[in-house]
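# Close look at the chain arrangement
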Amino acid sequence: MDGVWEVVVARAAAPSVVGVVVAVGIAVGVVGVTPAWRVARFVVTLAHEGGHALAAVLTGRRLAGIRVHSDTSGLTLSRGRPRGPGMVLTAAAGYPAPGLLGLAGVWLTVEGHAVAVAAGLGVLLLVALVLVRNVVGALVVLGTAAVLVGGLLLLPSGVGSALPLVLCLVLVAGAVRSAVELGATRRRGRGTSDADALARLTHVPAALWVAAFVAVTAAAAVATALVLGLLGLVR
């Protein structure tokens, strides 16, 4: 066990500039091309619901599970007071979560902790598997784990080790696209989003909540670019 822990926490060389450029290109392509985004959005939704779940636990709510649906929407089930700060924080945590998780993963990778990032993502997927309450959600978790583990084991070491970085970058870029799409969805008349729930809870207009989600996810993307600038990509 000590040997495994030493491998996880050991520092490795930071990814090369070429490797990072390729990873960024892949992530932007996945999020920017609609057919690929339809698949990647399942992973972003999983992280989104994980944000709700974490906030629910931290604010003392009783977490009942999460669901990811076939249309890439999701639902986090928790019990507790229907109003108040805990409910507000739980509702607000979803959209920022993928970007913040991705930013943390990118920063750790740049600092030479790519193995720890891969291990951390694996642990989060294991927790998610315990929490999911539907078949689609379980398939999303298992599919993501299969890509991550399969890539690490089957691809050449330099390529496989870049997968966690690509996944983190997809979370960052996907968080921005999800927040922007939320605004478009609301303009088409749907009133069941997190922003609408927060408007009912706080009496702050849903449009302002959408703007806040866009601002936070965009800030995470900018911070990610600045972190990658440590490798000379941004000056």
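Remember, predicted model here, so these are calculated numbers, not experimental data.

### Considering the packing of helix α4 (residues 85-92) against helix α10 (residues 194-202)
Following both chains from N to C, one finds α4 and α10 inclined at 160°, their axes separated by 9 Å at the closest point. On the basis of the axis angle, α4 is roughly antiparallel to α10. You can see that α4 and α10 cross each other, and the crossing is left-handed. Contacts between α4 and α10 involve Met-87, Val-88, Ala-91 and Ala-92 on the former and, on the latter, Asp-194, Leu-198, Leu-201 and Thr-202. Residues of the contact of α4 with α10, tallied by class, amount to six nonpolar, one polar and one charged.

### Looking at helix α6 (residues 114-131)
Taking 1.5 Å per residue, 18 residues should reach 26 Å; α6 reaches 26 Å between its end C-alpha atoms and fits that length. Buried residues of α6: Val-117, Ala-118, Leu-121, Leu-125 and Ala-128, and no others. On an axial view of α6, the arc spanned by its buried residues comes to 95°, and they lie on one face. For α6, exposure combined with an orientation more than 90 degrees from the buried face picks out Val-123, Leu-126 and Val-130.

### Quick word on the pattern of salt bridges
Applying the stated rule across the entire model yields two salt bridges. The partner of Arg-41 in a salt bridge is Glu-181, and the shortest N-O contact between them spans 2.5 Å. Of this pair, Arg-41 sits in helix α3 (residues 34-58) while Glu-181 is found in helix α9 (residues 163-187), placing the two residues 140 residues apart along the sequence. Of the charged contacts, one joins Arg-177 and Glu-181 as a salt bridge, the two residues approaching to 2.8 Å between their closest N and O atoms. With Arg-177 and Glu-181 both in helix α9 and four residues apart, the pair spans about one turn of that helix. One continuous salt-bridge network, built from bridges that share partners, spans Arg-41, Arg-177 and Glu-181.

### Some points on the environment of Val-24
Relative to the elements of secondary structure, Val-24 occurs in helix α2 (residues 17-32). According to the relative accessible area criterion, Val-24 is partly exposed, its value standing at 28%. Along the primary structure Val-24 and Leu-169 are separated by 145 residues, whereas in three dimensions their C-alpha atoms are 6.7 Å apart. When sequence neighbours within four positions are dropped, the list of residues in contact with Val-24 reads Leu-169 and Leu-228.

### A few points about the packing of aromatic side chains
Applying the stated criterion to the full structure yields two aromatic pairs. An angle of 40° between the planes, with centres 6.3 Å apart, marks the rings of Trp-209 and Phe-213 as tilted. Residue Trp-209 and its partner Phe-213 are located together in helix α11 (residues 206-228), separated by four residues, close to a single helical turn. Its relative accessible area of 18% is what places Trp-209 among the buried residues. Residue classification places Phe-213 among the buried positions, given a relative accessible area of 3%.

### Things to note about the nonpolar core
Counting residues in hydrophobic clusters, the biggest one holds 34 residues, and the most contacted among them are Leu-46, Val-106 and Leu-169. Looking at this core, the elements that each hand over two or more residues are α2, α3, β1 (62-68), α5 (96-110), α6, α7 (135-154), α9 and α11. Ignoring anything within four residues of it in the chain, the contact list for Leu-169 reads Ala-23, Val-24, Ala-27, Val-106, Thr-224 and Leu-228. By size, the runner-up hydrophobic cluster in this structure holds 14 residues, among which are Ala-179, Ala-195, Leu-198 and Ala-199.

### Comments concerning the pairing of strand β2 (residues 74-79)
Judged from the six bridges that link them, β1 and β2 form a sheet pairing that is antiparallel. What sits directly across from Gly-65, in β2, is Leu-77. Linking β1 to β2, which pair antiparallel, is a turn of five residues; within it Thr-72 sits at a positive phi near 75°.

Each value, and the rule that gives it
Residues numbered from 1 in each chain as written. Predicted model: local features only at pLDDT ≥ 70, side-chain atom pairs only at ≥ 80, totals over all residues. Heavy atoms only, no water. Axes fitted to C-alpha atoms, helices over the stretch in contact; angles between N-to-C directions. Helix = DSSP H or I, 4+ residues; strand = E, 2+ residues; numbered from the N terminus. Parallel < 35°, antiparallel > 145°, perpendicular 65-115°, else oblique. Left-handed = near helix turned anticlockwise from the far one by under 90°. Contact = heavy atoms within 4.5 Å. Nonpolar A, V, L, I, M, F, W, Y, C, P; charged D, E, K, R; others polar. Expected span 1.5 Å × (residues − 1). Buried < 20%, exposed > 50% of the residue type's maximum accessible area, 1.4 Å probe, protein only. Arc of directions from axis to C-beta. Salt bridge = Lys/Arg side-chain N within 4 Å of Asp/Glu carboxyl O. Phe/Tyr/Trp six-rings, centres within 6.5 Å; stacked < 30°, edge-to-face > 60°. Core = buried A, V, L, I, M, F, W, Y, C linked by side-chain atoms within 4.5 Å. Pairing = 2+ DSSP bridges.

All quantities given are derived from atomic positions and should not be read as evidence of function.
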